[in-house]
2 protein chains.
Amino acid sequence: MKGIRQLADYLDISIGTVSRALNGKPDVNDDTRRRVLEAAEKLGYVANQSGRSLRQGATNVIGLMTGSDTQAVENADNFFLGVTDGLQSVFSTHNLDLIVLPCPAEEDPDEYLKRMVARRMVDAMVISSTSRIDKRVDFLKQTRLPFVTLGRTGSSTDHAWIDLDFEGVARTAVARLAAAGHRSIAVAAPDTDINLGYIFLEGYRKGLEDASLPYDEKLIIRARSSEQGGYHAASEWLQMRPRPTALILIYELMAIGLYRRLAEVKLRAGQDLAVIGFREGPSGQFLEPRLTSFRMSLRDLGVSVGKTLLSTMPAYSSFYPQQPKHIVWPMQLIPGDSDITNLQSR
Amino acid sequence: MKGIRQLADYLDISIGTVSRALNGKPDVNDDTRRRVLEAAEKLGYVANQSGRSLRQGATNVIGLMTGSDTQAVENADNFFLGVTDGLQSVFSTHNLDLIVLPCPAEEDPDEYLKRMVARRMVDAMVISSTSRIDKRVDFLKQTRLPFVTLGRTGSSTDHAWIDLDFEGVARTAVARLAAAGHRSIAVAAPDTDINLGYIFLEGYRKGLEDASLPYDEKLIIRARSSEQGGYHAASEWLQMRPRPTALILIYELMAIGLYRRLAEVKLRAGQDLAVIGFREGPSGQFLEPRLTSFRMSLRDLGVSVGKTLLSTMPAYSSFYPQQPKHIVWPMQLIPGDSDITNLQSR
């Protein structure tokens, strides 16, 4: 692959002509020269893209590293597709392209990130699925590569980050259930070191405190963030004595497995157990009964992540003078039919 | 960003030492020199990665372009996450990294691909969500960049491709339903130009022919490949007179919306309507009733796509002498409870 060939292919003219136009040779007509230079500009070409990268240290590419562990993958489904859309809408106004760097399941995320940074493909990074102690953040700080994390960590607070309001969601869910008369509220939480699990449980604890309900570790069900995890959580719930009357899920697709497990024993969410899911998604909306969950725009989240990242980059910060460096992203409760239970009748 | 800095950060030693080790200066001890050269090798560094790319034309990176239109995105969920895992397992044995290039929704896929190729970030491409007439294939042929398509097109057959057996799935589904006594079998097909829709309907037509059933265009319901599309398909089905007794879905998540719409009118799949979905996935398995669908390993598919791509690249072809250039990927029917109906009782 010769670089100039792509430009020639793109314009559908000969390599020789492109070369002569780029090098200011006189035997090229003005229209052609303009077309070549415009295309070179548009493609970020400037005679030699790789040579230019060496000189300017700019690739005009931003990387998004996505999680590697099974849970992150299960959880990802179209979350990243929505966020990617928002990121690109911001980056494209600066002629920046987004590439996704999916860390292989069997590879250490810290090593993977180091290798990707060493490849010098990107000018900045977005990293996601942050764990409680995340070495990637320390590494990126060292490199001075601009970055933003989608998700907080427990080990660094001063870098740029945006995180969903897991605490607010858990607290609101507990308040809603407590107001409906529930005194025994269980929660299905992640069984990994992902940071959002800690924040979610902290919100759950505060919600119980707000409602003057006791915190009981036995009401925390550890499960995978998947349909299978929801099935497992329902099985655990069935074995509890006394059974909690309500259950809050960390991940909305858990509801599919949970509904299935309840149906197997002729029970039903919104009747025998009040259920509140996490993010409103197409599956939850179409479940029967419809899942009570929390609304947010993935695209808007992506836009904000993009703006926060650019606000930390010298070349772009002047475009986003007001962009906060730390954002807890709000989510709005959307009532469904899954958390309506008649406590009196039992 | 200076390139040598990443190497220094990675090794946690000074830039000066790394530079001296790389340049063969004598004042570096042998252990350190070995560590630096190993890391440089491991990271594909060889003194100057970008300079090396210019000389050798090799980036050691493979790109996977994912679809841009809404349907492709809706359909993607964890399909690509599974395939990516398989691709990486093959690429990693050759020290190749995979990057995902998500075409923005508002951008023309042909133009996007041209720009990405012009960026010279990748040595080869995997493109997906192929349409009936796909200009990207013609463009890639021109560039001589090695590539494989995940999905066939109607406009080119000689390039390397792997495609799911949409024809076999539709034909098998019709045969199964016909054997159970169904005479009126509807199908929910994509409402776009995606090539798999054509192949799926061709299989459906052949299946009807095999069973000596008439082909009737009125039994083709056009719908989006999403939960919402399934809801819509069920609404369409409810209005048909006479109502078909069976429905084949092009996308398994459609079942969630379909089940919901049926529940709203007190009907049920596997009782009032026989339903067969497409790919077996976690949602379908946990639906009540469990969805009859077709099993395949996304990871194995990714492995095969990776091998086929490498078999077309001069530097790697000797590793995969037996790898076919064209593969129709088989899928195996897994009976659930959604297509069991008692035709006699109605």
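Look above for the structure.
All values derive from a computational prediction rather than experimental measurement.

## What about the packing of helix α11 (residues 227-239) of chain A against helix α12 (residues 254-264) of chain A?
Residues and elements named next belong to chain A.
Line of reasoning, step 1. The interhelical angle for the contact between α11 and α12, taken along N-to-C directions, is 40°, at an axis separation of 6 Å. Relative to α12, the element α11 lies oblique. The two elements α11 and α12 cross, and the hand of that crossing is right-handed. Taken together, the residues of α12 that come into contact with α11 (itself represented by E227, G230, Y231, A234, S235, W237 and L238) are M254, I256, G257, L258, R260, R261, L262 and E264.
Line of reasoning, step 2. Considering only residue class, the contact of α11 with α12 consists of eight nonpolar, three polar and four charged.

## Considering the pattern of salt bridges
Line of reasoning, step 1. All chains considered together, the criterion is met by 40 salt bridges over all chains.
Line of reasoning, step 2. A salt bridge links K141(A) to D158(A), with the nearest nitrogen and oxygen atoms 2.9 Å apart. Here D158(A) lies in the loop between β4 (147-150) and β5 (161-164) and K141(A) lies in helix α8 (residues 135-143), a separation of 17 residues in the sequence.
Line of reasoning, step 3. Its relative accessible area of 34% is what places K141(A) among the partly exposed residues.
Line of reasoning, step 4. Residue classification places D158(A) among the partly exposed residues on the basis of a relative accessible area of 46%.
Line of reasoning, step 5. A salt bridge links E209(A) to R205(A); its shortest N-O distance comes to 3.0 Å. Here E209(A) and its partner R205(A) are both found in helix α10 (residues 195-210), four residues apart, which amounts to about one turn of the helix.
Line of reasoning, step 6. Residue classification places E209(A) among the exposed positions, given a relative accessible area of 55%.
Line of reasoning, step 7. One network of salt bridges, in which partners are shared, links R260(A), R261(A), E264(A), R268(B) and E288(B).

## So, the sheet that holds strand β12 (residues 332-334) of chain B
Residue and element names in this part refer to chain B.
Line of reasoning, step 1. Strand order in this open sheet of six strands is β7-β6-β8-β9-β10-β12, and the pairing throughout is mixed. In this open sheet, the two edge strands, each paired with only one partner strand, are β7 (220-223) and β12. The sheet shows a mean angle of 25° between the axes of neighbouring strands, direction not considered.
Line of reasoning, step 2. With respect to the sheet, helix α9 (residues 166-179) is in contact with β6 (185-190), β8 (246-249), β9 (274-279), β10 (292-295) and β12, its orientation differing from that of β9 by roughly 160°.
Line of reasoning, step 3. Relative to β6, helix α10 (residues 195-210) is tilted by about 170°, and along the sheet it contacts β6, β7, β8 and β9.

## Quick look at the sheet that holds strand β6 (residues 185-190) of chain A
Residues and elements named next belong to chain A.
Line of reasoning, step 1. The six strands lie next to each other as β7-β6-β8-β9-β10-β12, forming an open sheet whose pairing is mixed. Each having just a single partner strand, β7 (220-223) and β12 (332-334) make up the two edges of the open sheet. For this sheet, the mean inter-axis angle between neighbouring strands, taken without regard to orientation, is 25°.
Line of reasoning, step 2. Two elements, strand β8 (residues 246-249) and strand β9 (residues 274-279), share three bridges in a ladder whose sense is parallel. Residue pairing in the sheet places I248 in a bridge with I276 of β9.

## A few points about helix α9 (residues 166-179) of chain A
Residue and element names in this part refer to chain A.
Line of reasoning, step 1. The end-to-end C-alpha distance of α9 is 20 Å, a good match for the 20 Å that 14 residues give at a rise of 1.5 Å each.
Line of reasoning, step 2. For α9, the set of buried residues is F166, G168, V169, A170, A173, V174, L177 and A178.
Line of reasoning, step 3. Along its buried surface, α9 packs onto β5, β6, α10, β8, β9 and β10 (292-295).
Line of reasoning, step 4. Looking one or two places after α9, you find G181, whose phi comes out positive at around 105°.

## Observations concerning the packing of aromatic side chains
Residues and elements named next belong to chain A.
Line of reasoning, step 1. Scanning the model with the defined rule gives twelve aromatic pairs over all chains in all.
Line of reasoning, step 2. An angle of 80° between the planes, with centres 6.3 Å apart, marks the rings of F200 and F278 as edge-to-face. Residue F200 is located in helix α10, and its partner F278 is located in strand β9; the two are separated by 78 residues in the primary sequence.
Line of reasoning, step 3. Under the relative-accessibility criterion, F200 is labelled buried at 1%.

Basis of the calculations
Residues numbered from 1 in each chain as written. Chains lettered and ligands numbered in written order. Predicted model: local features only at pLDDT ≥ 70, side-chain atom pairs only at ≥ 80, totals over all residues. Heavy atoms only, no water. Axes fitted to C-alpha atoms, helices over the stretch in contact; angles between N-to-C directions. Helix = DSSP H or I, 4+ residues; strand = E, 2+ residues; numbered from the N terminus. Parallel < 35°, antiparallel > 145°, perpendicular 65-115°, else oblique. Left-handed = near helix turned anticlockwise from the far one by under 90°. Contact = heavy atoms within 4.5 Å. Nonpolar A, V, L, I, M, F, W, Y, C, P; charged D, E, K, R; others polar. Salt bridge = Lys/Arg side-chain N within 4 Å of Asp/Glu carboxyl O. Buried < 20%, exposed > 50% of the residue type's maximum accessible area, 1.4 Å probe, protein only. Pairing = 2+ DSSP bridges. Expected span 1.5 Å × (residues − 1). Phe/Tyr/Trp six-rings, centres within 6.5 Å; stacked < 30°, edge-to-face > 60°.

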